[in-house]
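# Structural overview for review
The lines below spell out each chain.
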Amino acid sequence: MATRADHSTPETRVRRYDPAETRQRVLEAANELFSRNGFAKTGTADIARAADVSEGSIFYHFGSKRALQEELGRCYGERMCLAMQCDDRLQDIHPGITIRRCFQYCETHKTWEDLVQANSTDGTKAGMSSNPDAEPFYRAARQVVVDWMERQYEAMKQERGLSHLNAPIAAALTCGVVGDALDLAFRPDMSPEMRQEVEEEAVRFVCAACGVECPSVRETPVAARAGAAPA
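Residues numbered from 1 in each chain as written. Predicted model: local features only at pLDDT ≥ 70, side-chain atom pairs only at ≥ 80, totals over all residues. Heavy atoms only, no water.

## Section: the nonpolar core
Generally speaking, nonpolar side chains in soluble globular proteins are found buried as a group. Applied cut-off: We call a set of buried Ala, Val, Leu, Ile, Met, Phe, Trp, Tyr and Cys residues a nonpolar core when their side-chain atoms join them within 4.5 Å. For each residue, the accessible area found with a 1.4 Å probe, counting protein chains only, is set against the maximum for its type, and the residue is called buried under 20%, exposed over 50%, and partly exposed in between. Secondary structure follows DSSP: runs of H or I at least 4 residues long count as helices, runs of E at least 2 residues long count as strands, and numbering of each begins at the N terminus. Contacts are assigned to residue pairs that have any heavy atoms within 4.5 Å of one another.
If you look at the biggest cluster of nonpolar residues, it comprises 38 residues, and the most contacted ones within it are Met-84 and Tyr-153. At the level of elements, helix H5 (65–85), helix H6 (95–109), helix H8 (135–160), helix H9 (167–185) and helix H10 (192–210) are the ones that each hand at least two residues to this core. What Tyr-153 contacts, discounting residues up to four positions off in sequence, is Pro-95, Leu-165, Ala-167, Ala-170, Ala-171, Thr-174, Val-206 and Cys-210.

Encoded structure:
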């Protein structure tokens, strides 16, 4: 009995049978379209066309557009945490290190700029939380960072004997302070000198609140392995 010839290329076979590769293409396409057109004006059909997958694949892998936004937000948050931790153990770092790395990451990669312009109500990252269409992404990204900060503060607390430190509260407050500092530091009208001053003030403020020494030397920029593309 004759069999039907397989005219598919190796590339199409990989696309058909590799769920991880399909998810990644969808995330990359969604990131580009959400950054260019905004969350509200980008539908799952648009993302499917850009990713060269069926629209059903998006619902199969993510369940809904909202869930896709949340997953993309988690990717952004995880990249930030990777930049803040680098290759260190959690107990070996503290806000004076992590906040500087956070500023360096944002300065080098500018991962949020297009998303903020397309989706924020007031031109800030925090302004995305007041936009119902952007809130799932922003909330998911923030939660990943807060959870990581809480683990880092718990490790720092044990290592340094900081019995006074309430890690969950400190993590949530730190995320708010640093988020506002980043929005201020990266405004278009801020000079490099003023940006540096905002960074230093954020470091001093959080270190004082946590009861740890404030370092005065900025570290070398974070390695390119913490790049902007979602993973």
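The structure having been displayed, the exposition proceeds.
## Digging into the packing of H6 against H9
When two helices pack together, you describe them by how their axes are tilted relative to each other and by the distance separating the axes. Note the cut-off: Axis definition: a line fit to C-alpha positions, over the contact stretch in the case of helices; interaxial angles, taken between N-to-C directions, run 0 to 180 degrees. Roughly parallel here means an angle under 35 degrees, roughly antiparallel means over 145, roughly perpendicular means 65 to 115, and every remaining angle is called oblique. Helix crossings get a hand from a simple test, with the near helix turned counterclockwise from the far one by less than a right angle marking a left-handed crossing and a clockwise turn marking a right-handed one.
Interaxial distance between H6 and H9 falls to 11 Å at its minimum, and their mutual angle equals 40°. On the basis of the axis angle, H6 is oblique to H9. Where H6 crosses over H9, the handedness of that crossing is right-handed. For the pair H6 and H9, the contacting residues are Ile-99, Cys-102, Phe-103 and Cys-106 in the first and Val-178, Ala-181, Leu-182 and Ala-185 in the second.

## Considering the packing of aromatic side chains
The condition is simple: Between 30 and 60 degrees the pair is tilted, below 30 it is stacked and above 60 it is edge-to-face, where a pair is any two Phe, Tyr or Trp rings, Trp via its six-membered ring, whose centres lie within 6.5 Å.
By the definition in use, this model includes six aromatic pairs. Considering the side-chain rings of Phe-34 and Phe-39, the 4.5 Å spacing of their centres and the 45° angle between planes classify their relative orientation as tilted. Across this residue pair, the class does not change: Phe-34 and Phe-39 are buried. Here the aromatic cluster, defined as three or more aromatic residues joined through ring pairs, consists of Phe-34, Phe-39, Tyr-76, Trp-112 and Phe-137.

## Quick word on the environment of Thr-98
Within the element layout of this structure, Thr-98 appears in helix H6. Sequence separation of Thr-98 and Met-149 is 51 residues, and the distance between their C-alpha atoms is 9.3 Å. Excluding residues that lie within four positions of it along the chain, Thr-98 makes contacts with Met-84, Ile-93 and Trp-148.

## Quick word on the packing of helix H3 (residues 44–51) against helix H4 (residues 55–62)
To keep it simple, the criterion reads: When residue character is reported, Ala, Val, Leu, Ile, Met, Phe, Trp, Tyr, Cys and Pro are called nonpolar, Asp, Glu, Lys and Arg charged, and the others, Gly included, polar.
Orientation of H3 relative to H4, taken along the N-to-C sense of each, is 105°, at an axis distance of 8 Å. Taken together, the axis directions place H3 and H4 in an arrangement best described as roughly perpendicular. Across the interface between the two elements, Thr-44, Ala-45, Ile-47 and Ala-48 of H3 pack against Glu-55, Ile-58 and Phe-59 of H4. Residues of the contact of H3 with H4, tallied by class, amount to five nonpolar, one polar and one charged.

## Describing the pattern of salt bridges
Here is the rule: We define a salt bridge as a contact between a side-chain nitrogen of Lys or Arg and a carboxyl oxygen of Asp or Glu at a distance within 4 Å.
Counted by the stated rule, this structure contains 16 salt bridges. Measuring nitrogen to oxygen at the nearest pair gives 3.0 Å for the salt bridge that ties Glu-71 to Arg-74. You can see Glu-71 and its partner Arg-74 sitting in helix H5, three residues apart, about one turn around the helix. What makes Arg-74 partly exposed here is its relative accessible area of 32%. One salt-bridge network, held together by shared partners, links Arg-66, Glu-70, Glu-135 and Arg-139.

## Re empty space enclosed by the protein
Selection rule: Both site types are read off a 1 Å grid over the protein atoms alone. A 1.4 Å probe that fits but cannot get out defines a cavity, while an open set with protein on both sides within 12 Å along at least five of seven lines defines a pocket; lining residues have an atom within 4 Å of a point. Grid points are joined across faces, edges and corners, and a volume is the space filled by probe spheres set on the points.
Within the structure shown, the criterion is met by one cavity of 30 Å³ or more. Taken together, Pro-95, Thr-98, Ile-99, Trp-148, Met-149, Gln-152, Tyr-153 and Thr-174 make up the lining of the largest cavity. Counting only elements with at least two residues in the lining of the largest cavity, the list comes to H6 and H8. Sort the elements by how many residues they give to the lining of the largest cavity and H8 lands first, with four residues. Classifying every residue of the lining of the largest cavity by side-chain character gives five nonpolar, three polar and no charged.

## Concerning H10
Selection criterion: To estimate the expected span of a helix, count its residues, drop one, and scale the result by 1.5 Å.
Helix length check: H10 (19 residues) gives 27 Å between terminal C-alpha atoms against 27 Å at 1.5 Å per residue, within 8%. Listed in full, the buried residues belonging to H10 are Arg-195, Val-198, Glu-199, Glu-200, Ala-202, Val-203, Val-206, Cys-207 and Cys-210. Looking at the packing, one finds that the buried side of H10 touches H6, H8 and H9. Phi turns positive one or two residues past the end of H10, at Gly-211, with a value near 80°.

## Considerations on the side chain of Arg-100
We apply this condition: Here a polar contact is taken to be a pair of N or O atoms separated by no more than 3.5 Å, where protein atoms must pair a possible hydrogen donor with a possible acceptor and residues adjacent in sequence count only if both atoms sit in side chains.
For Arg-100, the position within the fold is in helix H6. In terms of polar contacts, Arg-100 uses its side chain to reach the backbone carbonyl oxygen of Gly-96, at 3.2 Å.

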